Amino acid sequence: MGTTQKSLINYENPPVVEVVCGILFESIHNFLAPHIGLLWEKFRPEYPECREAPPLTPTIETFEREPSSRKLKFEISETPPLPRIWFVHENENGLIQVQRNRFLYNWRKIRPSDEYPRYYYVIEMFRKQLSQFKSFLQENNLGEISPLQYEMTYINHIPQGDGWDSIKDIGKLFPDFVFRRKRGRFLNEPEAINWRTSFILPNQAGRFHVTIQKIRESETNRPILVLNSTVRGIGNDKSTEGMWEWFDLAHEWIVYGFADLTAKEVQKTIWGLKE
């Protein structure tokens, strides 16, 4: 898992399978279906495949008395809705996602041999593609991006055998979430888990969400624990420089949060913690 410059935490074999960087902005109502083809021409030399997907419903972090996130209400418009568009890189690892109010860049592990290229590569690719999107908007007189929220997600797959064999061993991997193996207790080992928790960033710059779920790998049916770490929010500084500082902060929270939530012994023996 990559780190910011001030972090000393790094792993030889991190369990990262996907990273997402994104920005939510005021809906660009003049962005129409014909523009999608023009935009694809801009990305097509490196992203030759185009797909459609349902639009993502935005979730805005709020900071009231109780932790909450609210769904962003869509403004009533005479403009018909557009799908979310995927532009897929020729190696399939890179993915650009565009809709009227959102722009995202994904790095994905597609093949077992794919190695996570580290944070600096992913954020630079996001910066590059977002810059191209902004240029496209200007060239076609579609306006500028007015940011509402930023987001960063790291998805980690931890297969059975990497620090755990059954859910009753969960505390060996995630010390904060121990399943008490008390003799004579009524409940046996859980069939599934779905844990969710959140933390507030300094100065309410965002919220760090963590989920842990058990799934099965589609091809091998092997049990996998999925650790999903997401930071959403926006700082007081909404300038371009402030945006990149926010992403560095979000990444720092994901890196240190991962280290806090997982067992040090597993970090050393399975993921190759560098000290």
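Everything numeric here is computed off the predicted structure, so don't read it as measured data. Within any chain, residue numbers begin from 1 and follow the written order of that chain's sequence. Under the rules for a predicted model, residues below a pLDDT of 70 receive no local features and side-chain atom pairs below 80 are neither given nor counted, while totals for whole chains, interfaces and linings still include all residues. Side-chain numbers here rest on the full set of heavy atoms in the structure, without hydrogens or water.

Novice: Can you help me understand the pairing of strand β10 (residues 194-200) in this one?
Specialist: Strand residues, when the strand is regular, have side chains that alternate between the two faces of the sheet. Paired strands are those between which DSSP finds at least two bridges. Helical segments are the DSSP runs of H or I of at least four residues, strand segments are the runs of E of at least two, and each set is numbered from the N terminus. Relative to strand β11 (residues 207-216), β10 runs antiparallel, the two sharing seven bridges. Looking across to β11, one finds that Phe199 is bridged to Phe208.

Novice: How do you make sense of the environment of Pro112 when you look at a structure like this?
Specialist: Residue placement: Pro112 occurs in the loop between β8 (102-108) and α2 (119-139). For the pair Pro112 and Val17, spaced 95 residues apart in sequence, the C-alpha to C-alpha distance is 9.8 Å.

Novice: Honestly, α2 in this entry has me stumped. Any pointers?
Specialist: Residue pairs three or four apart in sequence face the same way in an α-helix, which turns once every 3.6 residues. What a helix should span is 1.5 Å times the count of its residues minus one. Under the 1.5 Å per step criterion, the end-to-end length of α2 is 30 Å for 21 residues, consistent within 8% with the ideal 30 Å. Residue exposure (1.4 Å probe, protein chains only): buried if accessible area is under 20% of the type maximum, exposed if over 50%, otherwise partly exposed. The set of residues buried in α2 consists of Tyr119, Val122, Ile123, Met125, Phe126, Gln129, Leu130, Phe133, Phe136 and Leu137. The buried residues of α2 occupy an angular sector of 155° when the element is viewed end-on, so they sit on one face. Pointing more than 90 degrees away from the buried face of α2 are the exposed residues Gln138 and Glu139. Residues count as neighbours in contact if any of their non-hydrogen atoms are within 4.5 Å of one another. On the buried face of α2, the contacting elements are β2 (16-25), α1 (33-43), β7 (94-99), β8, β9 (147-159) and α4 (240-261). One or two positions beyond α2, positive phi appears at Asn141, with a value near 55°. Picture the helix axis, draw a direction to every C-beta atom, and the arc is the one those directions span.

Novice: Before we go on, may I ask you to explain unusual backbone geometry in this structure?
Specialist: Note: most peptide bonds trans; most residues except glycine with negative phi. Here Gln204, not a glycine, exhibits a phi torsion of approximately 50°, which is positive. Tracing the chain through its elements places Gln204 in the loop between β10 and β11. Phi at Asn221 takes a positive value of approximately 65°, unusual for a residue other than glycine. Tracing the backbone shows Asn221 in the loop between β11 and β12 (223-233).

Novice: What exactly am I supposed to notice about a negative patch on the surface here?
Specialist: A patch is a set of surface residues, each over 30% in relative accessible area and not in a salt bridge, joined within 9 Å for like charges and within 5 Å for the nonpolar side chains Val, Leu, Ile, Met, Phe, Trp and Tyr. Areas reported here follow the Shrake-Rupley algorithm with a probe of radius 1.4 Å; residue values treat only the protein chains shown as occluding. Salt bridge, as used here: a side-chain nitrogen of Lys or Arg that lies within 4 Å of a carboxyl oxygen of Asp or Glu. This count recognises Lys and Arg as positive and Asp and Glu as negative, with His and chain-terminal groups excluded. Each charge is placed at NZ for Lys, CZ for Arg, CG for Asp and CD for Glu. On the surface, Asp237, Glu241, Glu245 and Asp248 cluster together into a negatively charged patch. For Glu245, the position within the fold is in helix α4.

Novice: Explain the confidence of the model for the chain here, please?
Specialist: By definition, pLDDT measures how confident the predictor is in each residue, and it falls between 0 and 100. On average, the chain scores 91 in pLDDT, and the residues at 70 or more come to 92%. Every residue in residues 1-5 is under pLDDT 50, and counting partners more than four places away or in other chains gives 28 contacts.

Novice: Quick question: what am I supposed to make of the pattern of salt bridges here?
Specialist: Overall, the coordinates contain 11 salt bridges when judged by the stated rule. Across the salt bridge formed by Arg232 and Glu61, the nearest N and O atoms sit 2.7 Å from each other. On the criterion of sequence distance, the pair formed by Arg232 in strand β12 and Glu61 in strand β4 (residues 59-63) is long-range, its members being 171 residues apart. The two residues Arg232 and Glu61 agree in class, both being buried.

Novice: It is not clear to me how the side chain of Arg232 should be interpreted in this structure. Could you clarify?
Specialist: For Arg232, a relative accessible area of 16% translates into the label buried. There is a polar contact of 2.7 Å between the side chain of Arg232 and the side chain of Glu61. Any pair of N or O atoms that falls within 3.5 Å is considered a polar contact. Within protein, one atom must be able to donate a hydrogen and the other to accept it, and sequence-neighbouring residues count only if both atoms are side-chain atoms. In this structure the side chain of Arg232 is engaged in a polar contact, spanning 3.4 Å, whose partner is the side chain of His209.

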